[in-house]
Amino acid sequence: MTTKARTTTAPVLGTRALNRATLARQLLLRRASMSAEAAVAHLVGLQAQNVKPPYYALAARLDGFTPDDLSGPMADRRVARLVTMRSTIHTHTADDCLTLRPLVQAARDRELRNFRDGLVGVDLDRLTVLARELVEAEPRTLGRLREALLAEWPDADPQALSVAARCRLPLVQVTPRGLWGRSGQVTLTTAEHWLGRPALPAPAPDDTVLRYLAAFGPASVRDMQTWAGLTRLRDAFERLRPRLVTFRSEDGTELFDLPDAPRPDPGTPAPPRFLPEFDNLLLSHADRTRVVPPAHKGRTWKKNQAYRVLLVDGFVAGLWKLDDDALVVEPFDRLTEAHKDEVAAEGERTLATMHPGAAYDVRFGTVRE
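Since we're looking at a predicted model, the values are computed, not measured.

Definitions and cut-offs
- Residues numbered from 1 in each chain as written.
- Predicted model: local features only at pLDDT ≥ 70, side-chain atom pairs only at ≥ 80, totals over all residues.
- Heavy atoms only, no water.
- Helix = DSSP H or I, 4+ residues; strand = E, 2+ residues; numbered from the N terminus.
- Buried < 20%, exposed > 50% of the residue type's maximum accessible area, 1.4 Å probe, protein only.
- Contact = heavy atoms within 4.5 Å.
- Areas by Shrake-Rupley, 256 points an atom, 1.4 Å probe, with all protein chains shown as cover.
- Lys, Arg positive; Asp, Glu negative; His and termini not counted.
- Charge placed at Lys NZ, Arg CZ, Asp CG, Glu CD.
- Axes fitted to C-alpha atoms, helices over the stretch in contact; angles between N-to-C directions.
- Parallel < 35°, antiparallel > 145°, perpendicular 65-115°, else oblique.
- Left-handed = near helix turned anticlockwise from the far one by under 90°.
- Nonpolar A, V, L, I, M, F, W, Y, C, P; charged D, E, K, R; others polar.
- Pairing = 2+ DSSP bridges.
- Arc of directions from axis to C-beta.

### Here we look at the overall build of the chain
Helices and strands together make up the secondary structure of the chain, namely 15 helices and 15 strands. Projected onto its principal axes, the C-alpha coordinates of the chain cover approximately 65 × 60 × 35 Å. Every one of the 369 residues in the chain was classed for burial, and the buried ones make up 54%. At a minimum sequence separation of 6, the contacts of the chain that also span at least 24 residues come to 67%. Carbon and sulfur atoms make up 50% of the accessible area of the chain, which amounts to about 16500 Å² in all. In the chain, 51 side chains carry a positive charge and 47 a negative one; their mean positions are 3 Å apart.

So this is what it looks like as structure tokens:
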């Protein structure tokens, strides 16, 4: 049977069915009783350009979570921050730091081609060796690393040298950067040096497809390519086809899934959730209508800055922010009184989790046009 024929005959999953399935995988339909480290592994990492988002992401997903539950494993080097998928900083378990980075290395090599004009005359293999020696001798800020590399290649573009080091090496942001309630410059060393063990072989793409579906499915090949920042994953899906089930979206796109993964009834209640900026739920599919209604497309971003997002009934329904004395909710549409009560209760829970003892209120701003 051809792919087109299989897609035509596969059962259709509507938007709400996809929404509920994805929320279940993302631990957002009901909070999970698991450790922060286990959740980071299940979710295949948490996007973490800023320090706080991974903490808020887990507060929305885990029962009984406290910020120390993530700070502890990070301080103990069981969890760390480095560039992986989509060329962005992610919080990963130590094992994933040492395997997922090799998996996406080809994408980092392609990224570096954009900076080749600033690297004329630079021996990239030599740069890799020198940068590793420098950051393993002592963790360095990107500025200090750049200065040392410029001494070797004074005619090169400084930014291009920094990008080359970041693309060629798995550079971890060492603590106290990333710890809740602590401050610190971005200071770098290699994942192998920080974690005290060598990098592992890159996992087969097939294995990562299964993990992606467990955390983000049902999903298309293009969805996973968007999440990983990789191309040419169709062959892995085809190899796995006998082990997977297939559906189609309302627009006819073929969707793959694990046979025993949760696919709740579309009418399953979905409680409100306060998500941080850059939450993976919003960034890990090519087609995001399973979470973002078409009317609200583009409203969670401004230029390169993402906003904190409110989910109501499983879908993006507004933004939120912390002012001096309040958690302020800015809905995109008028909320029913019942939804407002649920949102206020979830806001109070979020504040109690993340800012215990602080004098914050939950307030509703005007509908955000």
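### A closer look at the environment of L134
Secondary-structure assignment places L134 in helix α8 (residues 124-137). Every residue in contact with L134, bar those within four places of it in the chain, is listed here: R140, L145, A148 and L149.

### Considerations on the packing of helix α7 (residues 105-112) against helix α10 (residues 158-168)
Viewed as axis vectors pointing N to C, α7 and α10 meet at an angle of 165°, and their least axial separation amounts to 9 Å. As the angle between them shows, α7 and α10 are arranged roughly antiparallel. The interaxial crossing formed by α7 with α10 has left-handed handedness. In this structure, α7 uses Q105, R108, D109, E111 and L112 to contact α10, whose residues at the interface are V163, A164, R166, C167 and R168. Across the contact of α7 with α10, the residue classes break down as four nonpolar, one polar and five charged.

### Brief notes about the sheet that holds strand β12 (residues 308-312)
Read from one edge of the open sheet, five strands run β9-β12-β13-β14-β15, paired in mixed fashion. The outermost strands of the open sheet, each flanked by one partner alone, are β9 (273-275) and β15 (361-364). In this sheet, adjacent strand axes meet at a mean angle of 30° when their direction is disregarded. The pairing of β12 with strand β13 (residues 315-322) spans five bridges and is antiparallel.

### So, the sheet that holds strand β4 (residues 140-141)
The antiparallel open sheet is built from six strands, whose spatial order is β1-β3-β2-β5-β6-β4. The sheet terminates laterally at β1 (46-47) and β4, the two strands that pair on one side only. Of the strand pairs in this sheet, strand β2 (residues 79-83) and strand β3 (residues 89-93) are connected by five bridges, and their pairing is antiparallel. Within the sheet, the bridge partner assigned to A80 lies in β3 and is H92. Docked against the sheet, helix α6 (residues 94-103) engages β2 and β3, running at close to 125° with respect to β3.

### Overview of the pairing of strand β8 (residues 254-257)
Residues E254 and F256 line one face of β8 and the alternating positions L255 and D257 line the opposite face, and both faces are buried. Relative to β8, strand β7 (residues 245-248) is paired through four bridges, and the arrangement is antiparallel. Within the sheet, the bridge partner assigned to R248 lies in β8 and is E254. Once β7 ends, the chain turns through five residues before running back antiparallel as β8, passing G252 with a positive phi of about 95°.

### Quick look at helix α13 (residues 221-228)
Within α13, the full set of buried residues consists of V221, D223, M224, W227 and A228. Projection of α13 onto a plane perpendicular to its axis shows the buried side chains occupying an angular sector of 160°, all on one side. Buried residues along α13 sit in contact with α12 (205-216), α14 (234-240) and β8. A positive phi of about 70° marks G229, the residue just after α13.

### Focus: unusual backbone geometry
In this model, T175 is joined to P176 through a cis peptide bond whose omega is 15°. Mapping P176 onto the fold places it in the loop between β5 (171-173) and β6 (187-190). The omega torsion of the bond from G217 to P218 falls at -5°, within 30 degrees of zero and hence cis. At R86, a residue that is not glycine, the phi angle is positive and equals roughly 60°. The phi dihedral of S87 falls on the positive side, at around 60°, and the residue is not glycine.

Shape descriptors only; they carry no functional weight alone.
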